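Notes for the structure review
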Amino acid sequence: MPVTLSSSDLNDRSPKLRSPLLSPTRKTAGEPESEKLCIDDMLQKYCGQFGPWQMRHFVLTSLAWALEAFHTMVMIFADREPDWRCLGGAAGSGCDVTARTVCGLEPGSWEWTGGLGSSTVAEWGLVCAEKYKVGLAQALFFGGCMIGAGIFGHLSDSFLGRKGSLTVVCILNTIFGCLTAFSPNYWIYVLLRLLTGFSTGGVGLCAFVLATEPVGPAKRGTAGMSTFYFFSTGIAILSGIAYIFPQWRELYIASSIPSLLFLLAVLPFVSESPRWYLVRGRITEAMKLMRAIAKSNNKHLPEGVVLTLDEEANNDSPTTNEEGQTYKELLDSKDAISGSLIDVVKLPMTRMRLFLAVAINFLCSVVYYGLSLNVVNLETNLYINVLLNAVAEMPAFTITAVLLDKYGRKPLAIGTLWFSGVFCFAGSFVGNAGVWKVVKMVCGILGIFGMAGTYNLLFIYTTELFPTVVRNAALGCATQAAQMGAILSPFVVVLGGGFPFAVFAVCGIAGGVFAFYLPETLNKPLYDTMAGMEDGEGACRSVN
């Protein structure tokens, strides 16, 4: 039957009537065949897993770890108890030069060697009966980190994004860090340290996820472990800054200014995560970024390749619909996909993973921070001690990074946890006199060596256990648990004797047992959605 069209139909410019005799889904000659790929597949097949683009982006983003080290470890120098000396000689002055502390000495018979401005302890007299206030300031800082990790973990998964969250926390760190230098009294100081901890809690997790999400699966483990070199390097640099600025108020300003420099000189050159763009329904931005990655890596991303969520990558849906919309246009019109910890808890698979990740992170943190406080320091000054402790952790990162992709996340997590637990168990039976004091110190050093590798491995492991829509929220929850362990570790240390080592041994061994129940994530994709992960893991189980 012939088709007749009215004059109004001929003037209609709608896509449906532009070519009425042809099917809208039929491709024209020379048009490239569409290929739907998830991000991991696109990185492997077309863009490159760790080329020049990922290297530059990784280094720039990971510099934020040094900022976290500045704001966290500055308390070692600012809240230290400085040296003191007697005034007017020892005889008849009411000052005993052989005394180990200033407690019991007559007021006015002694003075702080570096003056009142050398530390908060000297300025506000946080010694003797007031000494608990030093620990209180430290505990509240980590409490702020715990709150901030949860809040910014959620915000970075939702509307704010990874880069947006990192920008906000760096702004807050600059403001609160500099204001801390002008604290008029102890309680204002504690409040500002709490607020600094709140913003600092989001720095590491946002930087870690942002740095590793554009990396392909074959290189993601090694890249993730390498982020922690920046944290240790930050601690080492901080020791130099503290040596140059021995007064605590000057030190807080000097350690906060780098956050401002990072905001102005580094963040403008950092890109948002393509995975976040994808799950937020912003496919145009995601594809633009993937093309930039391919171009920078001297690769070619064909025009017909379309980025898709993992849950849709393997289905056989057509690349155009009845209205002639392409798959890319359909994705552009889709609503953003979001998730929260409630979604993690609802799904049995992710609920168990979250429980295990929280438990292991908590136990690991008790040991890591506890051993840092409990290990016998080298017979050198404070600046050298901090520098050597930072450098001593780096071999653990290197060894873990080398073995990570060979043996997998799960065996390495179990091995490092038990390695630390065994040496802590041995240390609990060793005395603290004579040569045994050295043996106990070695046990502590080997214990923290193993736990340093575990502590950083857990970031990678936790990141790979959860899909993009809830990744930072889950990592934030695990980080909160780690901060709780950091808060409790000083209370274990003050018990003294062999008891702290026994507690650390139990925590390390128990953490290894919990790790047995986690799945292996080596060479597994980073899933985008909860449904995609459930389908992907289900398919793996059916094959096995």
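Think of each chain on its own: its residues are numbered from 1, step by step along the sequence as written. Restriction of local features to residues with pLDDT of at least 70 applies here, the model being predicted, together with a cutoff of 80 or more for giving and counting side-chain atom pairs; totals for whole chains, interfaces and linings are based on all residues. Derived side-chain values reflect all non-hydrogen atoms in the structure, with water molecules and hydrogen atoms excluded from consideration.

One recurring pattern in soluble globular proteins: nonpolar side chains tend to sit buried together. By size, the foremost hydrophobic cluster in this structure holds 144 residues, and its most contacted members are M42, C47, L166, M290, L301 and L307. Numbered from the N terminus, helices here are DSSP runs of H or I no shorter than four residues, and strands are runs of E no shorter than two. Counting residues per element, this core draws most heavily on helix α18 (residues 348–374), at 11 residues. Among all residues touching C47, those that are not within four sequence positions of it are M42, M290, I293, A294, N297, K299 and L301. For this analysis, a nonpolar core means a set of buried residues of the types Ala, Val, Leu, Ile, Met, Phe, Trp, Tyr and Cys, connected via side-chain atoms within 4.5 Å. Summary of the burial criterion: residues with accessible area below 20% of their type's maximum are buried, those above 50% are exposed, and those between are partly exposed, where the area comes from a 1.4 Å probe applied to protein chains only. What makes two residues a contact is simply this: any of their non-hydrogen atoms within 4.5 Å.

Turning our eyes to something else, we now look at the pattern of salt bridges. What makes a salt bridge here is a side-chain nitrogen of Lys or Arg within 4 Å of a carboxyl oxygen of Asp or Glu, nothing more. Following the criterion strictly, the structure yields 11 salt bridges and no others. Of the charged contacts in the structure, one is a salt bridge between R275 and D40, with a shortest N-O distance of 2.5 Å. One end of the pair, R275, is in helix α13 (residues 274–279); the other, D40, is in helix α3 (residues 39–47), with 235 residues separating them in the sequence. No difference in accessibility class separates R275 from D40, as the two residues are buried. E123 serves as the salt-bridge partner of R249, at 2.7 Å between the closest nitrogen and oxygen. Of the two residues, R249 sits in helix α12 (residues 248–265) while E123 sits in helix α6 (residues 120–124), which places them 126 residues apart along the sequence. The exposure class of E123 is partly exposed, given its relative accessible area of 28%. Here the salt bridges share partners, and the residues they tie into one network are D40, R220 and R275.

Further remarks concern the side chain of T462. Relative to the elements of secondary structure, T462 occurs in helix α21 (residues 435–465). With relative accessibility at 2%, the residue T462 sits in the buried group. Contact partners of T462, with chain neighbours within four places excluded, come to A357, N361, A474, L475 and A478.

To continue, consider the packing of α21 against helix α22 (residues 471–493). Only the stretch in contact is used when fitting a helix axis, every axis being a line fitted to C-alpha atoms; angles between N-to-C directions are given from 0 to 180 degrees. It is at 9 Å that the axes of α21 and α22 come closest, and there the two elements cross at 150°. In this view, α21 runs roughly antiparallel relative to α22, as classed from their interaxial angle. You can see that α21 and α22 cross each other, and the crossing is right-handed. Here Y455, F459, T462 and T463 of α21 come into contact with α22, specifically with R471, A474, L475, A478, T479 and A482. Put simply, angles under 35 degrees are roughly parallel, angles over 145 are roughly antiparallel, angles from 65 to 115 are roughly perpendicular, and the rest are oblique. For a crossing to be left-handed, the near helix must be turned anticlockwise from the far one by less than a right angle; the clockwise case is right-handed.

This part covers the packing of aromatic side chains. Pairing of aromatic rings covers Phe, Tyr and the six-membered ring of Trp, with a centre-to-centre limit of 6.5 Å; geometry is then stacked below 30 degrees between planes, edge-to-face above 60, and tilted otherwise. Taken as a whole, this structure holds 23 aromatic pairs when the rule is applied. Summarising the aromatic geometry, the rings of Y186 and W187 are spaced 4.9 Å apart at their centres and angled 75° between planes, so their arrangement reads as edge-to-face. Pairwise contacts between aromatic rings join W65, F208, F228, Y229, F231 and F397 into one cluster.

Note that N297 resides in the loop between α14 (283–296) and β4 (305–307). When its relative accessible area of 8% is taken as the criterion, N297 is described as buried. The contact partners of N297, leaving out residues within four places of it in the chain, are C47, G48, G51, P52, W53 and Q54.

On their own, these measurements won't tell you what the molecule is for.
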